[in-house]
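Observations on the model geometry
Each chain, written out:
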Amino acid sequence: MATAVLPIVVLPLVLFSGLYANSQSTPAWLRWLKYLSPMYYCFVGLAKNELSGRQLPNCDPATGDVCDGDEALARYGFDTGTPSIGLCIILLCTIYLVL
C-alpha cells in the first residue's frame, strides 16, 4: 500500500521544491506546495550556504554568465522571501522529529 501512495505524495514535493523548476516558472496557484516540501528547505539552505557572497570562477559576463553568488540566488528566486539558513535547519529538524 505504501509503495503505491508514496510516489503520489513525494513527486509533487520534489517537483515544486525548486530543484527542478524555478518557483517563478510554476503557476501561482501551485507555488504554495514548496512550503510543504522538506526538500525545498534543504535546497534553499544549501544554495544560500554555497552562493551567498561568493564570486563564481570561470565566468564571462559578456556571454550572460552569472559571476556573483548573490546574482545566482536572485536568478533562482532565493533572494527575497526565502527562509534563512538557520530557519531551514530548524524546520528540517522539526519535520524530522514529527515524522
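Since this is a predicted model, take the numbers as computed values, not measurements.

Here we look at the packing of helix 2 (residues 38–51) against helix 3 (residues 69–76)
Between helix 2 and helix 3, the shortest axis-to-axis distance is 9 Å and the interhelical angle comes to 155°. In terms of axis orientation, helix 2 runs roughly antiparallel to helix 3. Crossing of helix 2 over helix 3 shows right-handed handedness. For the pair formed by helix 2 and helix 3, the contact residues are Ala47, Lys48 and Leu51 on the first element and Gly69, Asp70, Ala72 and Leu73 on the second.

Digging into the pattern of salt bridges
For the structure shown, the criterion picks out one salt bridge. A salt bridge links arginine 54 to glutamate 50; the shortest N-O distance between them is 3.8 Å. Taking relative accessible area as the criterion, arginine 54 reaches 42% and is therefore assigned partly exposed.

Remarks on the side chain of lysine 34
Tracing the chain through its elements places lysine 34 in the loop between helix 1 (2–15) and helix 2. On the accessibility criterion, lysine 34 (11% relative accessible area) is buried. Among all residues touching lysine 34, those that are not within four sequence positions of it are Phe16, Ser23 and Tyr40.

Concerning the packing of aromatic side chains
Taken as a whole, this structure holds two aromatic pairs when the rule is applied. With 5.2 Å between their ring centres and 70° between their planes, tyrosine 40 and tyrosine 41 make a pair best called edge-to-face. Each member of the pair, tyrosine 40 as well as tyrosine 41, is classed as buried. Members of the aromatic cluster, connected to one another through ring pairs, are Tyr35, Tyr40 and Tyr41.

Things to note about the confidence of the model for the protein chain
Averaged over every residue, the pLDDT of the protein chain is 80; the share at 70 or more is 96%. The element-level mean pLDDT for the protein chain is lowest in helix 4 (residues 85–98), coming to 79, with helix 2 highest at 84.

Some thoughts on the nonpolar core
Side chains of nonpolar character tend, in soluble globular proteins, to be buried together. Core analysis: the biggest nonpolar cluster contains 11 residues, these being Tyr40, Tyr41, Phe43, Val44, Ala47, Leu51, Val66, Ala72, Leu73, Phe78 and Cys88. Of all the secondary-structure elements, those providing two or more residues to this core are helix 2 and helix 3. In this view, alanine 72 contacts Leu51, Leu56 and Val66; residues no more than four positions away in its chain are not counted.

Focus on a nonpolar patch on the surface
Residues Met1, Val5, Leu6, Ile8, Val9, Val10 and Met39 make up a contiguous nonpolar surface patch of roughly 680 Å² in combined accessible area. For the nonpolar patch, the leading source of residues is helix 1, giving five residues. By secondary structure assignment, the location of methionine 1 is in the segment before helix 1. For methionine 1, a relative accessible area of 81% puts it in the exposed group.

Cut-offs and rules
- Residues numbered from 1 in each chain as written.
- Predicted model: local features only at pLDDT ≥ 70, side-chain atom pairs only at ≥ 80, totals over all residues.
- Heavy atoms only, no water.
- Axes fitted to C-alpha atoms, helices over the stretch in contact; angles between N-to-C directions.
- Helix = DSSP H or I, 4+ residues; strand = E, 2+ residues; numbered from the N terminus.
- Parallel < 35°, antiparallel > 145°, perpendicular 65-115°, else oblique.
- Left-handed = near helix turned anticlockwise from the far one by under 90°.
- Contact = heavy atoms within 4.5 Å.
- Salt bridge = Lys/Arg side-chain N within 4 Å of Asp/Glu carboxyl O.
- Buried < 20%, exposed > 50% of the residue type's maximum accessible area, 1.4 Å probe, protein only.
- Phe/Tyr/Trp six-rings, centres within 6.5 Å; stacked < 30°, edge-to-face > 60°.
- pLDDT = per-residue confidence, 0-100.
- Core = buried A, V, L, I, M, F, W, Y, C linked by side-chain atoms within 4.5 Å.
- Patch = residues over 30% accessible without salt bridge, like charges linked within 9 Å, V, L, I, M, F, W, Y side chains within 5 Å.
- Areas by Shrake-Rupley, 256 points an atom, 1.4 Å probe, with all protein chains shown as cover.

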